[in-house]
Every structure is written in C-alpha cells, then in structure tokens.
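# Descriptive structure summary
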Protein chains: 4
Amino acid sequence: MFELDLRSRDPIYQQLVDKFKALIIKKVLQTDEKLPSVRTLAQQMTINPNTIQKAYRELESLGFIYSIKGKGSFVAPMVEEENGEAIRTIKASLSQLIQEALFLGVTKQDIIELIERANHHLHSKEGE
Amino acid sequence: MFELDLRSRDPIYQQLVDKFKALIIKKVLQTDEKLPSVRTLAQQMTINPNTIQKAYRELESLGFIYSIKGKGSFVAPMVEEENGEAIRTIKASLSQLIQEALFLGVTKQDIIELIERANHHLHSKEGE
Amino acid sequence: MFELDLRSRDPIYQQLVDKFKALIIKKVLQTDEKLPSVRTLAQQMTINPNTIQKAYRELESLGFIYSIKGKGSFVAPMVEEENGEAIRTIKASLSQLIQEALFLGVTKQDIIELIERANHHLHSKEGE
Amino acid sequence: MFELDLRSRDPIYQQLVDKFKALIIKKVLQTDEKLPSVRTLAQQMTINPNTIQKAYRELESLGFIYSIKGKGSFVAPMVEEENGEAIRTIKASLSQLIQEALFLGVTKQDIIELIERANHHLHSKEGE
DNA sequence: GTGGTCTAGACCACG
DNA sequence: GTGGTCTAGACCACA
C-alpha cells in the first residue's frame, strides 16, 4: 500500500498517520471507506499490531477516522467548522518552510508550481 | 538573544537549531561570524551545556556552521552546489504541507502572499 | 421509533439501552407496556438480533424491564425502595460532572435551568 | 494517591484520566506542577508503565497536561478560549443525568446542594 | 532518570 | 474477525 522508513527518526506510527492523512486529503480514501484492519495491515507490513493501532488511535483523535469495535475503522466525514486554529498552525509552518526553501535557492515560481500540482491532485478526485 | 519554549513538545536542542537556522537564513548572523560559546550561551539561557553542544553538532552536520577546536563555532558560507538533496527534500515537505493547507481551505493566493512576505524578510537584510 | 448512530464510539446495544431508559423515564413507555419483540425490532432497524437481545438483558438487569418467556418484554413498575444504591451512584456521577461543568464556566444558574427543563419534561407526560 | 477499581468496566487508563482531571479541576494539582513519573506511579500502583503512559498521553491530547522527554509531565495552564464545544457536550450529559436522577427520586434541592458543594470545593483552593 | 517507541503475546467486548 | 486493553520487557532520545 505504501512504504515506511524504519530507519527514520520519526516513529513508525507517525509515518502511518502522515500517510493516511495524505490519502484522506487526496480523497484516495473516501468518507466512510473502510481502512484495512489492524491485524491485516500489521501482517502485510510485518509490523506489530499495537503500532498500527496507535496510528489509528491518533488519526481518530485528529478527527480523520472513526473506529467501531467489532466492525473496523473508517474515514470520517470532513467537518469544515473551526479549522481556524489548524489553519493558523499550518500557515506558520508553511512560512518557515518557504523561507528555508527560498534560502536554499528554490524560486517563487517553483513553489507556485508545487501549489498548482497540489491543487490539481486535490480536485481531480473531487466528483468521483 | 532569543526565546525558548521549555514547555514545547519538541526538544530544546531542536528549537536552538531552528532559531540559529533562521538567524543564518535571515542573515542576522553572517558568514564566518562567531557564534556564542557553548558555556556562555548555556549560562545566559540557564540551559544544560550538553544541550547547546548537541544543537551545535546538529547545525554543523547540516552544513550551517563549522567548528574549530579551541576557537569556537562560526557561520558557514553557503555552498550552492551541495544543495541538490536538501532542495529535493524540502520540496517534498512543501508539497505535502501545501496539499494539507489547501485541503483546510487556505487559498493559492494566501500561500503566494506568504511567499512574498518570506521573500521580503529574506532580502531586507541582503545588502547590510 | 428512534435513531441510532452507527458511527458512535459507544456500542449499539448501549445506545439502545439509553434510548429505552429515556423512553421509560419520560413515560413514553408506561408500566407493563410491551416492548417490541427482539426479531421485529432487529428487522425494523436492520440490526443483529443478538444486539437487541443484549440491550434487553441489560435493561432487565437494571430493573427497567422484565421478560416473560414466550410472551415478551415489558416495562417494569418503579420500586422506590431499591433505588438506594442507584441514587448514590448517580449522585456521585452528578457531582463529578457538575464540578467539571463549573470548571468550564457553566454557571449554577445554567444548571438549575437544566433541572427545570428536565423536571418539565418529566411531568408533562405524568397524567396521560 | 488514589484508588482504582481493577474490576470496573471502564479501563484502568480511563480511570486514571478521570482522577487526574478531577485533581486538576479541583486545583489540587496546580499549573506547571509535576505529576509523578510514569515509572514511579506504575510501581506505586503496581500497574504496567505503558498503562500510565497511555493515561498521560490522553490527558495531554485533552490539554490537561504537557509532557517533556527527559523532564516529566506537568499540569497545563487552562486556556479559557473555545470551550464552546466542551460546554455544549457537558450540558447534554448533565441534562440526561439530571433527568435520570429526578426519575429515581433525587430532588431539585438535592442537586442544588451538590452544586453548592462542588462550587465550594472549586473555589476553596482558588487563591493558594 | 525522564518520557517515547516498539515488540510479543494474552484476553476482553462487540456484532 | 474486529478494535480495545493490558502486561512484560527491551531499547532510544533527552537533559
């Protein structure tokens, strides 16, 4: 399904969270779609089920998925309200990263291109 | 010199690294300028010297500073050629962050504004 | 008859228990009134009969209903004497919840208003 | 420090969360006060450290405490902003519980008494 | 010594 | 079969 870097400094469960967040944001996984079961995924990736569960738990508390005992874990519907804080946070992160990128020689045009591409990915799956 | 958030979830040494990176990027600290000594800084900020040292080591391995035994640590000159990998890395991070931002409702125009502002900050110190 | 939230984190059978408790408390269901049969309800709500049965078992052990083999389940009459423990339990829960509410900024007057409203709901069906 | 019911239906870590929440709300534990270390508490209560950590992690994501690697876990300062949703949630819970209490024979006066007592507990530690 | 991550393996609750 | 909890025990990152 996707790759993990076991040598990375950031923990496996965090990488899982990021991957799933991306998949949900890109609408590859759609609202109410079922995620692979904890055990199945654990087996596929040869990872301990507890680690998967930790990732799922985190995703749940972030509002990206919901889990039901005995049934599975599912993509949560987006709630548009009150993303205010999230937006402020992400803008701050973006600012810092952009500044570093410019410093390294990335041009404004390069970044705009990244935006275009992201925008495209985001909307291509829109109506499906 | 600058502030640290001792309550933050990310480690102190990491905050130090980020602050110094920012100062170097903004040219507040200029090429070959001497950084405060480990001891001095540790005393000023009432922080464990080991923590400072770890930050300096990290900055050195990132190529932002160089250290000379018995003399101190200094801001490294930018080497444009070796940025290839750094640029690829940061572009990947940017892509992901931009996608998430767009998802949350930040507009392309918002991001371009962030770029402008970063650009401004970056060049305002240019000729000093 | 009523709605269930299949996405909720608390189990379906528990939601059923709560709904029935509410209906009995509000006297929508009156003493000795017959509850829908397990099969019927299961079919109506497209839910596993085992789940209904578990809810009924729970309601029975809580003293809200009684079941007669081959006849069905019925709303139990209130027995004032046996409430001692239940009252102690619920007072403890209330205390904790009230404390948390006050902490969050809910006022005494707010809570009294909630009591009034609950009281009203409770007695509006009284004489029917 | 406090008691746990190992037989209870709700998990140990949840009981821990509730206990600490109460202690923080009652100001028994004050802002920036250090909580017992994961290992220490685990040993004292003869509970697995992982379980304690799970409780602390939950408390952190709820905003009641913050944890710093290598230093410990501490009571977080209260942020008054945007408790709106929390208040709505708790009012709903209160309504339901009050209705059930009234049904069981608890009087309005009884509940008001509980409020008084909670209010007293809450403010007695205020200025310390 | 502190919190954080991960594994292995057991048992429970739910549907 | 599903998620959830708990234990035991190991190793890492931080200050």
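Residues numbered from 1 in each chain as written. Chains lettered and ligands numbered in written order. Predicted model: local features only at pLDDT ≥ 70, side-chain atom pairs only at ≥ 80, totals over all residues. Heavy atoms only, no water.

Per an unreviewed UniProt entry, chain A is named GntR family transcriptional regulator, and its organism is Amphibacillus marinus.

### A closer look at the protein's contact with DNA strand F
Convention followed: The nearness test applies per residue and asks whether one of its heavy atoms lies within 4 Å of the molecule or strand. Here a polar contact means two N or O atoms within 3.5 Å. Within protein one must be a hydrogen donor candidate and the other an acceptor candidate, and residues neighboring in sequence count only if both atoms are side-chain atoms. Numbering of helices and strands starts at the N terminus; helices are DSSP runs of H or I of at least 4 residues and strands are runs of E of at least 2. The residue classification treats Ala, Val, Leu, Ile, Met, Phe, Trp, Tyr, Cys and Pro as nonpolar and Asp, Glu, Lys and Arg as charged. All others, Gly included, are polar.
Taken together, 28 residues lie around DNA strand F, and Q53 of chain A, K54 of chain B together with I12, N50 and T51 of chain D are the ones closest in. Backbone atoms, meaning sugar and phosphate, make up 71% of the atoms of DNA strand F lying within 4 Å of the protein. Interatomic distance of 3.2 Å between a side-chain N/O atom of Q53 of chain A and a phosphate oxygen of DNA strand F. Separating a base nitrogen of DNA strand F from a side-chain N or O atom of N48 of chain D is a distance of 2.9 Å. Taken together, the elements giving at least two residues each to the surface near DNA strand F come down to α2 (38-44), α3 (49-61), β1 (65-68) and β2 (72-75) of chain A, α1 (12-25) and α3 (49-61) of chain B together with α1 (12-25) and α3 (49-61) of chain D. When its residues are assigned to classes, the surface near DNA strand F shows 9 nonpolar, 12 polar and 7 charged.

### Overview of the interface of chain A and chain D
What counts, and what does not: Contacts between residues were defined by any pair of non-hydrogen atoms, one from each residue, lying within 4.5 Å. A simple way to read buried area is as the amount of 1.4 Å-probe accessible surface that goes missing from two parts once joined, with both sides added. The term salt bridge refers to a side-chain nitrogen of Lys or Arg lying within 4 Å of a carboxyl oxygen of Asp or Glu.
Facing the 4 residues of chain A at the interface are 4 residues of chain D. Counting the surface lost from both chain A and chain D, the interface buries some 410 Å², and carbon and sulfur atoms represent 21% of this. At the surface where chain A touches chain D, the tally comes to 2 salt bridges. Between E58 of chain D and R57 of chain A there is a salt bridge, with its nearest N and O atoms 3.9 Å apart. No other element matches the 3 residues that α3 of chain A contributes to the side of chain A that touches chain D. Looking at the side of chain A that touches chain D, its residues break down into 1 nonpolar, no polar and 3 charged.

### Quick notes on the UniProt feature "domain: HTH gntR-type" (unreviewed entry) in chain A
Put simply, the test is: UniProt positions are given in the numbering used here, feature names are shortened, and annotations may be inferred rather than shown by experiment.
UniProt's entry tags residues 10-78 of chain A with the feature "domain: HTH gntR-type" (unreviewed entry), counted in the numbering of this structure. Summarising residues 10-78 of chain A: 49% helix, 12% strand, and an end-to-end C-alpha distance of 27 Å.

### Topic: the packing of helix α4 (residues 84-104) of chain C against helix α4 (residues 84-104) of chain D
Rules: Between N-to-C directions, angles cover 0 to 180 degrees, with each direction set by a line fitted to C-alpha atoms, over the stretch in contact for helices. Any angle that falls under 35 degrees is termed roughly parallel, while one over 145 is termed roughly antiparallel, one within 65 to 115 roughly perpendicular, and all others oblique. Note: crossing handedness is left-handed where the near helix turns anticlockwise from the far helix by less than a right angle, and right-handed where it turns clockwise.
At a closest axis distance of 10 Å, the pairing of α4 of chain C and α4 of chain D adopts a crossing angle of 155°. Of the possible angle classes, the one that applies to α4 of chain C and α4 of chain D is roughly antiparallel. Crossing angle aside, the handedness with which α4 of chain C passes α4 of chain D is left-handed. Only A86, I87, I90, S93, L94, L97, I98, E100, A101 and L104 of chain D of α4 of chain D make contact with α4 of chain C, whose side of the interface consists of A86, I87, I90, S93, L94, L97, I98, E100, A101 and L104 of chain C.

### A look at the protein's contact with DNA strand E
As a structural note, the neighbourhood of DNA strand E is formed by 28 residues, with I12, N50 and T51 of chain A together with R39 and Q53 of chain D the closest of them. Take the atoms of DNA strand E that sit within 4 Å of the protein: sugar and phosphate atoms are 69% of them. Residue K54 of chain C places a side-chain N or O atom 2.8 Å away from a phosphate oxygen belonging to DNA strand E. The separation between a base nitrogen of DNA strand E and a polar side-chain atom of R39 of chain D is 2.7 Å. Listed by contribution, the elements that provide at least two residues to the surface near DNA strand E are α1 (12-25) and α3 of chain A, α1 (12-25) and α3 (49-61) of chain C together with α2 (38-44), α3, β1 (65-68) and β2 (72-75) of chain D.

### Some points on the pairing of β1 of chain D
Note the cut-off: Paired strands, in this sense, are two strands between which DSSP finds at least two bridges.
As paired strands, β1 of chain D and β2 of chain D are joined by 4 bridges and run antiparallel to one another. Across the sheet, the residue bridging to I68 of chain D is G72 of chain D, located in β2 of chain D.

### A word on the side chain of K21 of chain D
Within the secondary structure, K21 of chain D sits in helix α1. Excluding anything up to four places from it in sequence, K21 of chain D contacts E100 of chain C together with L59, L62 and F64 of chain D.

### Observations concerning empty space enclosed by the protein
Counted only if it meets this: Points on a 1 Å grid, built from protein atoms alone, make a cavity when a 1.4 Å probe fits but cannot get out and make a pocket when they are open with protein on both sides within 12 Å along at least 5 of 7 lines; residues with an atom within 4 Å of a point are the lining residues. Grid points are joined across faces, edges and corners, and a volume is the space filled by probe spheres set on the points.
Throughout the structure, instances matching the rule amount to 2 cavities of 30 Å³ or more. Surrounding the largest cavity, D18, K21, A22 and I25 of chain C together with Q96, Q99 and E100 of chain D form its lining. Mapped by element, the contributors of at least two residues to the lining of the largest cavity are α1 of chain C together with α4 of chain D. Broken down by element, the residue count for the lining of the largest cavity peaks at 4 residues, all from α1 of chain C. A class-by-class count of the residues in the lining of the largest cavity yields 2 nonpolar, 2 polar and 3 charged. The calculated volume of the second largest cavity comes to roughly 40 Å³.

### Observations concerning the relation of the copies chain A and chain D
Selection rule: Residues reaching a pLDDT of at least 70 in both copies supply the C-alpha atoms on which the copies are superposed by least squares.
For these two chains of identical sequence, chain A goes onto chain D by a turn of 180° and a shift of 0.0 Å along the axis, with RMSD 0.0 Å. As the rotation angle and translation indicate, the two copies are arranged about a two-fold axis. Ranked by how close their C-alpha atoms come to the rotation axis, the residues of chain A are headed by S61 of chain A, at 4.1 Å. When the interface residues of chain A are mapped onto chain D, 100% of them again fall at the interface, so both copies present the same face.

### Remarks on the domain arrangement of chain A
Spelled out, the test is: Where each domain begins and ends is defined by an automated method or by a domain database.
Per the domain assignment, the segments making up chain A are domain 1 (12-75) and domain 2 (84-124). Look at where the C-alpha atoms of domain 1 of chain A and domain 2 of chain A centre, and you get two points 26 Å apart.

### Considering the relation of the copies chain D and chain C
Of the transformation placing chain D onto chain C, the axial shift is 0.0 Å and the rotation is 175°, giving an RMSD of 0.8 Å. Same-surface contact between copies: 97% of interface residues of chain D are shared with the interface of chain C.

### Focus: the pattern of salt bridges
Residues and elements named next belong to chain C. What counts, and what does not: Accessibility here uses a 1.4 Å probe with only protein chains present; expressed as a share of the type maximum, an area under 20% marks a residue as buried, one over 50% as exposed, and anything in between as partly exposed.
A full pass over the atoms with the stated rule returns 18 salt bridges over all chains. Taking the shortest distance from any N to any O, the salt bridge between E113 and R117 comes out at 3.5 Å. Of this pair, E113 and R117 are both found in helix α5 (residues 108-124), 4 residues apart, which corresponds to roughly one turn of the helix. Classification of E113 as partly exposed rests on a relative accessible area of 44%. The exposure class assigned to R117 is partly exposed, which follows from its relative accessible area of 47%.

### What to know about the interface of chain D and chain C
Taken together, the contacts link 36 residues of chain D with 38 residues of chain C. Summed over both partners, the interface of chain D with chain C comes to about 3900 Å²; 76% of that surface belongs to carbon and sulfur atoms. By the criterion of area lost to chain C, the three top residues of chain D are Q99, F103 and L104 of chain D, representing 19% of everything that side buries. Measuring nitrogen to oxygen at the nearest pair gives 2.7 Å for the salt bridge that ties K108 of chain C to E116 of chain D. On inspection of chain D and its partner chain C, the count reaches 4 residue pairs in polar contact (both at pLDDT 80 or more). Going through the elements one at a time, α1, α4 and α5 (108-124) of chain D are the ones with two or more residues in the side of chain D that touches chain C. Top contributing element to the side of chain D that touches chain C by residue count: α4 of chain D, with 16 residues. Classifying every residue of the side of chain D that touches chain C by side-chain character gives 20 nonpolar, 7 polar and 9 charged.

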